[in-house]
Every structure is written in C-alpha cells, then in structure tokens.
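Architecture and fold: a report
One-letter residues, chain by chain:
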Amino acid sequence: MMEGLSIEAKIGEILLATGIVLSFIALVHLILYGALPFSTRFFPAHLIAGYLHAVVLVKCAGILTAITGLFSARRRRFQKAGILAVTATLLPPIDIVFFMAGLLLLVSPEVRKLS
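The following paragraphs examine the structure supplied in this document.

Rules of the game
- For every chain, the first residue of the written sequence is number 1, and numbering continues from 1 onward in sequence order.
- Thresholds applied to this predicted model are a pLDDT of at least 70 for local features of residues and 80 or more for the giving and counting of side-chain atom pairs; totals over whole chains, interfaces and linings are not thresholded and use all residues.
- Values reported for side chains reflect all heavy atoms of the structure, with hydrogen atoms and water molecules removed beforehand.
- In the cavity and pocket records, a cavity denotes points on a 1 Å grid over the protein atoms alone where a 1.4 Å probe fits but cannot get out, a pocket denotes an open set with protein on both sides within 12 Å along at least 5 of 7 lines, and lining residues are residues with an atom within 4 Å of a point.
- Grid points are joined across faces, edges and corners, and a volume is the space filled by probe spheres set on the points.
- Where helices and strands are cited, they refer to DSSP runs of H or I of at least four residues and of E of at least two residues respectively, numbered from the N terminus.
- Under this grouping Gly is polar, as are all residues other than the nonpolar Ala, Val, Leu, Ile, Met, Phe, Trp, Tyr, Cys and Pro and the charged Asp, Glu, Lys and Arg.
- The buried label goes to any residue with under 20% of its type's maximum accessible area, the exposed label to any with over 50%, and the partly exposed label to all in between, with areas taken from a 1.4 Å probe on protein chains only.
- Relevant arc is that of directions from the helix axis to the C-beta atoms, nothing else.
- The salt bridge criterion pairs a side-chain nitrogen of Lys or Arg with a carboxyl oxygen of Asp or Glu, the two atoms within 4 Å.
- Take the buried residues of types Ala, Val, Leu, Ile, Met, Phe, Trp, Tyr and Cys, join any two whose side-chain atoms come within 4.5 Å, and each joined set is a nonpolar core.
- Contacts are residue-level and defined by heavy atoms, with any inter-residue pair within 4.5 Å sufficient.

Taken as a whole, this structure holds 1 cavity of 30 Å³ or more when the rule is applied. Around the largest cavity, the lining residues are Ser 23, Val 58, Lys 59, Gly 62, Ile 63, Ala 88, Leu 91, Pro 93, Asp 95 and Phe 98. Ranked by residue count, the leading element in the lining of the largest cavity is helix α2 (residues 45–74), at 4 residues. Considering only residue class, the lining of the largest cavity consists of 6 nonpolar, 2 polar and 2 charged.

Encoded structure:
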C-alpha cells in the first residue's frame, strides 16, 4: 500500500496511525478513571467530571479529524491529510504526534508534484 511513496509520506502515515492509537488509549484512560483521583474538599468531583467530559468530547473530535486525515493519506491526498493532521493538533489536548505527522505529510515530495 505504501509502495512508491517518499520517506516523509511513509513516516507521516505511520505517525498519524500511531497518534490515533495513542489518542484512543488516552481517551479510554480519561473515560475509565475520570475525576475520582482528583476530587478534594475544595474541588468537588462533579465540577472536575464536567470539565473532563468536555475534554473527552474535544478529544473525540480530534481523533475523528485525524482518522479523516489518515483516510486522505491512504488515498494519496497528502496536502489534505497534512492539513487535517495539523487541525487535529490544535484541538485542546495537544497531540504533538499529529503535528509531526502533518508536517511530514505537508513537506513530502508528493504534495509538490500535485501542486
């Protein structure tokens, strides 16, 4: 599936897939362990849980954006994939893996060939 691609495009796709898996692990951790370890007398658990629910929703949006970017990369639309990966980075729990994947996809020679 990755035959004939440049090193940047291959590494970008692999980083994007790795970032998606790591984001799923972080999402499961947020959902399973939630706010219980952080509740104190001064910060009730329901306030922290509400914040964590918002973080989970934004994290889901970032994961869906990254998955869309991965599908675009598989269709050899590397410019769109890079833009989507950088957009997934900007959603609040910042994922540096998505940023590196997006940069590598945007600087790959395949993007310059299409332009």
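Every buried residue of helix α4 (residues 96–106) is accounted for by Phe 98, Ala 101, Gly 102 and Leu 105. Each buried residue of α4 sits inside an arc of 100° when the element is viewed along its axis, so together they form one side.

So, about the pattern of salt bridges. The final tally for this structure, using the stated rule, is 2 salt bridges. Here Arg 74 and Glu 13 are joined by a salt bridge, their closest N and O atoms 3.1 Å apart. Taken together, the residues span a long stretch of sequence, with Arg 74 in helix α2 and Glu 13 in helix α1 (residues 7–33) at a distance of 61 residues. Lys 59 is the salt-bridge partner of Asp 95, the closest N and O atoms lying 2.8 Å from each other. Residue Asp 95 is located in the loop between α3 (78–90) and α4, and its partner Lys 59 is located in helix α2; the two are separated by 36 residues in the primary sequence. Accessibility assignment for this pair places Asp 95 and Lys 59 in one class, buried.

Within the largest apolar cluster, 15 residues are counted, with the highest numbers of intra-cluster contacts made by Leu 16, Ile 20, Ala 66, Phe 78, Phe 98 and Leu 105. Contributions of two or more residues to this core are made by α1, α2, α3 and α4. Element by element, the count of residues in this core is highest for α3, at 4 residues. Apart from residues lying up to four places away in sequence, Leu 16 is in contact with Ala 66, Gly 69, Leu 70, Ala 85, Phe 98, Ala 101 and Leu 105.

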